[in-house]
Amino acid sequence: MAQLAPARARICRACDGFAAAVITTGTRHRDGTRVTLRVTCPACQGTGHTTPARRRETARV
Ligand SMILES: [Zn+2]
(Lines give C-alpha, C1' and ligand atoms only; values in the text may rest on other atoms or scores of the structure.)
Protein backbone atom coordinates (compact mmCIF):
# COMPACT_ATOMS: atom_id res chain seq x y z
CA MET A 1 0.00 0.00 0.00
CA ALA A 2 2.95 2.29 0.45
CA GLN A 3 3.22 4.63 -2.44
CA LEU A 4 6.01 6.90 -3.45
CA ALA A 5 5.40 10.60 -4.00
CA PRO A 6 3.36 11.09 -7.16
CA ALA A 7 5.44 11.99 -10.18
CA ARG A 8 2.86 14.59 -11.07
CA ALA A 9 3.97 16.83 -8.23
CA ARG A 10 7.23 17.49 -9.98
CA ILE A 11 5.93 18.08 -13.44
CA CYS A 12 5.96 21.70 -14.49
CA ARG A 13 2.47 23.16 -14.43
CA ALA A 14 3.22 25.76 -17.02
CA CYS A 15 3.93 23.27 -19.77
CA ASP A 16 2.53 20.09 -18.20
CA GLY A 17 5.86 18.40 -18.63
CA PHE A 18 6.24 19.05 -22.32
CA ALA A 19 9.08 21.48 -21.68
CA ALA A 20 9.08 22.83 -25.22
CA ALA A 21 6.56 24.00 -27.74
CA VAL A 22 6.86 24.07 -31.49
CA ILE A 23 5.30 26.99 -33.27
CA THR A 24 4.66 27.15 -36.97
CA THR A 25 5.51 30.48 -38.50
CA GLY A 26 3.33 30.15 -41.56
CA THR A 27 6.23 30.27 -43.96
CA ARG A 28 7.55 27.26 -45.78
CA HIS A 29 10.88 25.99 -46.91
CA ARG A 30 11.54 25.49 -50.57
CA ASP A 31 10.87 21.78 -50.23
CA GLY A 32 7.39 22.44 -48.82
CA THR A 33 8.04 21.73 -45.17
CA ARG A 34 6.91 24.27 -42.62
CA VAL A 35 9.26 26.61 -40.84
CA THR A 36 8.98 26.02 -37.11
CA LEU A 37 10.26 27.75 -34.03
CA ARG A 38 11.05 25.80 -30.93
CA VAL A 39 10.40 27.56 -27.64
CA THR A 40 11.45 26.11 -24.32
CA CYS A 41 9.26 26.66 -21.28
CA PRO A 42 10.48 29.68 -19.27
CA ALA A 43 9.11 28.30 -16.02
CA CYS A 44 11.22 25.16 -16.01
CA GLN A 45 13.81 26.15 -18.62
CA GLY A 46 12.93 23.26 -20.83
CA THR A 47 13.32 20.55 -18.22
CA GLY A 48 9.63 19.82 -17.75
CA HIS A 49 10.02 19.76 -13.98
CA THR A 50 9.29 22.40 -11.40
CA THR A 51 12.35 21.64 -9.32
CA PRO A 52 15.20 20.98 -11.73
CA ALA A 53 18.16 21.41 -9.40
CA ARG A 54 16.87 21.54 -5.87
CA ARG A 55 18.70 19.39 -3.39
CA ARG A 56 17.20 20.68 -0.16
CA GLU A 57 13.62 19.66 -0.78
CA THR A 58 13.86 16.68 1.58
CA ALA A 59 15.69 18.63 4.27
CA ARG A 60 12.49 19.40 6.14
CA VAL A 61 12.09 18.06 9.68
ZN1 LIG B 1 7.65 24.05 -18.02
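Residues numbered from 1 in each chain as written. Predicted model: local features only at pLDDT ≥ 70, side-chain atom pairs only at ≥ 80, totals over all residues.

Further remarks concern the overall build of the protein. Helix and strand counts for the protein come out as zero helices and two strands. A buried classification covers 5% of the 61 residues belonging to the protein. Here the contacts in the protein between residues at least 6 apart in sequence split such that 49% fall between residues at least 24 apart. (Helix = DSSP H or I, 4+ residues; strand = E, 2+ residues; numbered from the N terminus. Buried ≥ 20, exposed ≤ 12 C-beta atoms within 10 Å, placed from the backbone. Contact = placed C-beta atoms within 7 Å.)

A word on the pairing of strand β1 (residues 20-28). With zero of nine residues buried, β1 is to be regarded as a mostly surface element. The pairing of β1 with strand β2 (residues 34-40) spans six bridges and is antiparallel. By the bridge assignment for β2, Ala20 is matched with Thr40. What sits between β1 and β2 in their antiparallel hairpin is a turn of five residues, with Gly32 showing a positive phi close to 100°. (Pairing = 2+ DSSP bridges.)

Before going further, it helps to spend a moment on the environment of Ala43. Looking at the element boundaries, Ala43 is found in the segment after β2. With 30 residues separating them along the chain, Ala43 and Arg13 place their C-alpha atoms 8.5 Å apart. When neighbours within four sequence positions are excluded, Ala43 is seen to be in contact with Cys12, Ala14 and Cys15.

With respect to the helices and strands, Val35 occurs in strand β2. Assessed through the 11 C-beta atoms surrounding it within 10 Å, Val35 is described here as exposed. With sequence-adjacent residues up to four places away left out, Val35 is seen in contact with Thr25, Thr27, Arg28 and His29.

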